[in-house]
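Okay, here's what each chain looks like letter by letter:
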Amino acid sequence: MTKCDEKKPVCGTCVRLGIVCESVKLDLKFRVVTAPPPKKTGAKAEPAEPDSTRLGLQLFGQHSRSPQIPNINLAQSLQHTDRDVFYSTYWEDHCLPALHPIFRCASELLGFPALKDAILALSSCNISRIYAERKYSTSFPTTGTLSPNLIHQTRSQLYYSSAIKKFISLTQDDHRNNAAEVLTILVLFGYIEASMGNFDGYYCHVQGLSAFLVELRETTGYSLYRALLISWLQSQFLIWWARTYFSSLDVQRNMPSIDFPRGLEGTSDSFHDLRVVVLSILCESHRLNVKETLKHWRDKTDFEPALASVLQSDRDDTEDRFARLQDESKRLDEWLSYLPPSEQPLVGDASETSPIFFQAHDAALNFAYYVVARIMQCISFLRNLPCRDAQHLGSECLEIEPWARLLLRIVQGTDMQTSIIRNNYTIGFSGLLLAASLRCQDLSLSMQIEKWLQTLEEKQPTEEGAFPVYQALAVVKAINRQRTMGRDVFGVSQTMDDGGGMPKFTHYNSQMITNILVHGKCRSTGDLFTECIDLQ
């Protein structure tokens with residue numbers, strides 16, 4: 001029997017399956033049911049472990065503490081046609097709007113088995129993270145009170161495993177004859193791992209995809225290569241950003257650049273092309289800014305005998321970083337010149353506190369990336385940070401704060417529910433606001449940032465931009481508590497780096513962070529400080 005979706009005049013599910021839509025009438029029949037025989041007395045036999053429970057333990061390992069996987073045959077349910085139709089429909093209605101249009105073509109290639117399973121895996125992964133379920137165990141502010149929907153997540157892992165098995169069975173001839181499908185599958189694999197916060201799994205696919213791209217460039221059309229390359233780069237920037245704050249000082253100071261093909265710049269005004277270019281500028285500007293900022297704080301692994309040479313090297317590199325930031329600023333100027341009027345802010349209320357609106361959500365998000373890139377390119381902050389002159393104390397971020405206020409107005413002009421759904425595969429507003437809060441000394445402005453994150457957490461206390469909202473909110477609250485005491489925080493880090501943590505099976509955050517190090521400057525004395533803050 002096919003479950004009716006109650007659409008009129010014809011059931012949508014029946015149309016997809018090509019069957020006649022008939023109404024269902026209840027047929028009540030009475031029958032005699034014999035009760036099962038009573039259990040035998042004596043030694044109790046150990047109850048057989050359900051297949052679904054064993055499957056859950058294999059999938060989740062030590063992360064599967066609670067709740068228990070329902071006693072249903074998930075392996076059999078995976079093969080059910082109705083389930084495939086359900087996840088295919090969800091893919092078309094909810095996943096595709098958040099992805100590059102090239103994936104609409106992928107939906108027409110469902111006859112390729114590995115590609116079909118990869119699409120269904122990402123679709124069921126997406127729905128598992130949107131439709132959360134409440135945890136049975138006690139939760140802390142750093143882990144939230146909800147967990148991904150276990151049924152949809154388990155099916156996602158089954159589809160994913162099936163896709164992997166079919167993919168590795170492909171021959172070299174299959175790769176050559178189906179290059180478009182192979183590359184699309186690898187990009188989808190990357191999105192799945194990025195959604196789950198599985199850094200090791202993601203970089204495994206990066207290696208395979210990088211090798212395949214070299215061959216693909218000579219065997220397929222440039223437009224297809226370009227579109228999939230843009231999609232892949234966007235996932236790289238997303239997972240790069242996820243590591244930039246919740247890592248050790250040493251990791252943050254040595255974050256690598258993401259190689260960006262300059263041939264992608266200035267050749268299209270598609271908002272997808274514009275997005276990946278501005279993401280490249282944002283992440284590189286952020287990398288240079290953070291490297292220059294955090295050189296003023298040292299962790300316990302910095303040995304004193306070598307410290308003098310390190311500091312001298314940093315001084316030699318400072319002007320080079322400034323020059324490179326100016327180069328990124330020129331790239332950003334060029335990016336803005338290609339931005340069509342339809343992607344720019346709508347003219348409205350001239351008030352400096354009113355929300356700013358755009359014709360489309362994606363245009364607002366792209367412009368928010370532009371604004372944060374400008375924040376990271378403000379060299380005056382980097383020059384004033386080490387200064388202890390009384391006239392500069394408390395005003396190190398004076399040039400930055402108008403940009404931070406502009407970012408907040410853009411965010412306030414967007415719909416929160418749309419942000420939750422459409423920002424799944426790119427850097428979200430919550431991550432941008434966290435970055436802005438670390439370059440802001442205006443308490444009223446920083447409290448408005450906290451208020452927006454608090455409202456988002458109350459509306460959807462899981463993740464936005466594939467990043468846990470409650471984790472970003474907890475850090476912003478910690479920053480603002482320091483700010484109320486006259487202590488400006490310009491950096492946060494982990495006490496000990498965990499490599500990005502574990503895949504997000506039972507939580508929305510991959511890292512179980514209970515405390516962080518905050519790196520800041522006292523507003524009254526100019527003294528730099530590092531302090532461990534409890535987030536619970």
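Residues numbered from 1 in each chain as written. Predicted model: local features only at pLDDT ≥ 70, side-chain atom pairs only at ≥ 80, totals over all residues. Heavy atoms only, no water.

## Digging into the pairing of strand β4 (residues 515-522)
Counting buried residues in β4 gives 7 out of 8 residues, a clear majority hidden from the surface. One ladder, built from 6 bridges, connects strand β3 (residues 487-493) with β4; its direction is antiparallel. Among the inter-strand pairings, arginine 487 is bridged to a residue of β4, identified as cysteine 522. Strand direction decides the pairing type here: β4 and strand β5 (residues 528-534), joined by 7 bridges, are antiparallel. Each bridged residue has a counterpart across the sheet, and for isoleucine 516 the counterpart in β5 is isoleucine 533. What sits between the antiparallel neighbours β4 and β5 is a turn of 5 residues, in which glycine 526 has the positive phi angle 85°. (Buried < 20%, exposed > 50% of the residue type's maximum accessible area, 1.4 Å probe, protein only. Helix = DSSP H or I, 4+ residues; strand = E, 2+ residues; numbered from the N terminus. Pairing = 2+ DSSP bridges.)

## Some details on the packing of aromatic side chains
Under the criterion given, the structure shown has 14 aromatic pairs. The interplanar angle of 85° and the centroid separation of 6.4 Å between the aromatic rings of tryptophan 241 and tyrosine 245 together place this pair among those described as edge-to-face. Like tryptophan 241, the residue tyrosine 245 is buried in the burial classification. Ring-pair connections join several aromatic residues into one group, and the members of that group are Trp335, Phe358, Phe367, Tyr370 and Trp403. (Phe/Tyr/Trp six-rings, centres within 6.5 Å; stacked < 30°, edge-to-face > 60°.)

## Comments concerning helix α13 (residues 271-294)
Given a rise of 1.5 Å per residue, 24 residues ought to cover 34 Å, and the 33 Å separating the end C-alpha atoms of α13 matches this to within 8%. Judged by how many residues are buried, α13 sits mostly within the fold: 22 of 24 residues are covered. (Expected span 1.5 Å × (residues − 1).)

## Quick notes on the state of the cysteines
By the definition in use, this model includes 0 disulfides. The structure places no disulfide on cysteine 378, whose sulfur is separated from the nearest cysteine sulfur, that of cysteine 397, by 9.1 Å. (Disulfide = S-S within 2.5 Å.)

## Focus on helix α7 (residues 150-168)
Here α7 spans 27 Å end to end across 19 residues, near enough to the 27 Å set by a 1.5 Å rise per residue. Between the side-chain oxygen of the N-cap and the backbone nitrogen of isoleucine 151 there are 3.2 Å, and the N-cap of α7 in question is asparagine 149. (Polar contact = N/O pair within 3.5 Å; in protein donor to acceptor, adjacent residues only side chain to side chain.)

## Things to note about the sheet that holds β3
Two strands in a sheet stick together by hydrogen bonds in their backbones, pointing the same way (parallel) or opposite ways (antiparallel). Read across the open sheet, the 3 strands follow the order β3-β4-β5; overall the sheet is antiparallel. The outermost strands of the open sheet, each flanked by one partner alone, are β3 and β5. Strand-to-strand, the axes of this sheet are offset by a mean angle of 35°, without reference to chain direction. Docked against the sheet, helix α21 (residues 469-484) engages β3, β4 and β5, running at close to 150° with respect to β3. (Axes fitted to C-alpha atoms, helices over the stretch in contact; angles between N-to-C directions. Contact = heavy atoms within 4.5 Å.)

## So, the nonpolar core
Judged by nonpolar contacts, the single largest core of 142 residues is most densely connected at Phe103 and Leu432. Of the residues forming this core, the biggest block, 13 residues, is contributed by helix α11 (residues 222-244). Residue contacts for phenylalanine 103: discarding those within four places in its chain leaves Trp91, Leu96, Thr184, Val187, Leu188, Tyr191, Leu228 and Ser231. (Core = buried A, V, L, I, M, F, W, Y, C linked by side-chain atoms within 4.5 Å.)

## Some details on the pattern of salt bridges
Applying the stated rule across the entire model yields 23 salt bridges. Of the charged contacts in the structure, one is a salt bridge between arginine 226 and aspartate 273, with a shortest N-O distance of 2.7 Å. Of this pair, arginine 226 sits in helix α11 while aspartate 273 is found in helix α13, placing the two residues 47 residues apart along the sequence. For aspartate 273, a relative accessible area of 6% translates into the label buried. Aspartate 488 is the partner of arginine 523 in a salt bridge, and the nearest nitrogen-oxygen pair spans 2.5 Å. (Salt bridge = Lys/Arg side-chain N within 4 Å of Asp/Glu carboxyl O.)

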